[in-house]
Amino acid sequence: MVVDVFLKNIPFSASEEDVVEGVLGALTQASESIGASMPPKVGVVSLPFDQSRGRIRGFGFVTLETGDLSAEEAVLAIFGSKVLGRTIHAERFIPKGER
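Conventions we followed
- Sequence positions are assigned chain by chain, starting from 1 and proceeding in written order.
- Local features in this predicted model are restricted to residues whose pLDDT is 70 or higher, and side-chain atom pairs enter the listing and the counts only when it is 80 or higher, whereas totals over whole chains, interfaces and linings include all residues.
- Just so you know, side-chain values use all the structure's heavy atoms and leave hydrogens and water out.
- Aromatic pairing here means that ring centres of Phe, Tyr or Trp (its six-membered ring) are within 6.5 Å. Orientation follows from the plane angle: under 30 degrees is stacked, over 60 is edge-to-face, and everything else is tilted.
- Helical segments are the DSSP runs of H or I of at least four residues, strand segments are the runs of E of at least two, and each set is numbered from the N terminus.
- Consider the ring centre and the ring normal. A charge sits over the ring if Lys NZ or Arg CZ is within 6 Å of that centre and within 35 degrees of that normal.
- The nonpolar core is taken to be a set of buried Ala, Val, Leu, Ile, Met, Phe, Trp, Tyr and Cys residues, with the residues joined through side-chain atoms within 4.5 Å.
- Three labels apply to residues, based on accessible area from a 1.4 Å probe with only protein chains included: buried if under 20% of the type maximum, exposed if over 50%, partly exposed otherwise in between.
- Axis geometry follows a simple rule: fit a line to the C-alpha atoms, using only the stretch in contact for helices, then measure angles between N-to-C directions, giving values from 0 to 180 degrees.
- Orientation labels follow simple angle bins: below 35 degrees gives roughly parallel, above 145 gives roughly antiparallel, 65 to 115 gives roughly perpendicular, and whatever is left gives oblique.
- The sense of a crossing depends on the near helix, which, turned anticlockwise from the far helix by less than a right angle, makes the crossing left-handed and, turned clockwise, makes it right-handed.
- Any two residues having at least one pair of non-hydrogen atoms within 4.5 Å are treated as being in contact.
- Side-chain classes are defined by residue name, with Ala, Val, Leu, Ile, Met, Phe, Trp, Tyr, Cys and Pro counting as nonpolar, Asp, Glu, Lys and Arg as charged, and the others, Gly among them, as polar.

### Focus: the packing of aromatic side chains
Piece 1. Under the criterion given, the structure shown has four aromatic pairs.
Piece 2. Their ring planes at 45° and their centres at 5.4 Å tell us that Phe6 and Phe61 sit as a pair that is tilted. Placement of Phe6 in strand 1 (residues 2–8) and of Phe61 in strand 5 (residues 59–65) is noted, with a sequence separation of 55 residues between them.
Piece 3. Consider the rings of Phe59 and Phe61, whose centres lie 6.2 Å apart with planes at 90°: the pair is edge-to-face.
Piece 4. A network of ring pairs unites the aromatic residues Phe6, Phe59, Phe61 and Phe93 as a single cluster.
Piece 5. One Lys or Arg, Arg55, reaches over the ring of Phe12 and ends 3.8 Å from the middle of that ring.

Structure follows, in structure tokens:
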């Protein structure tokens, strides 16, 4: 299942690779805990950049292939995980037209 997730509280110094590492670590741990045969994958990562401050804005979006996890399990696994030592918050992103 493909899921879009909104992430907040991302460190301003984080890179896309840092976010992928944190998210994938949390998803892999959750997947292994249920004995999943299909591992999760991180697809597109989008971290909006603040041009005036020269850094990311502290939030972002991730597209996931959840493997054997449900969308809710994937979001719960990411919620509270760490990126560069900072706890991030996650919620499922639903585009405006689908709300």
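There is more to say, and it comes next.
### A closer look at the nonpolar core
Nonpolar side chains in soluble globular proteins generally cluster together in the buried interior.
Piece 1. One finds Leu7, Val19 and Ile78 to be the most contacted residues of the largest nonpolar core, which totals 23 residues.
Piece 2. Those elements that provide at least two residues to this core are strand 1, helix 1 (16–33), strand 5 and helix 2 (71–78).
Piece 3. In terms of residues, this core owes the most to one element, helix 2, which gives five residues.

### Quick look at the packing of helix 1 against helix 2
Piece 1. As a packed pair, helix 1 and helix 2 sit with axes 8 Å apart at the nearest point and diverge in direction by 125°. Regarding the angle of helix 1 to helix 2, the classification is oblique. For the element pair helix 1 and helix 2, the recorded crossing hand is right-handed. Packed against helix 1, whose contacting residues are Val23, Ala26, Leu27 and Ala30, the element helix 2 presents Ala74, Ala77 and Ile78 at the interface.
Piece 2. Class assignment of the residues belonging to the contact of helix 1 with helix 2 gives a composition of seven nonpolar, no polar and no charged.

These results come straight from atomic positions and should not be treated as a statement about function.
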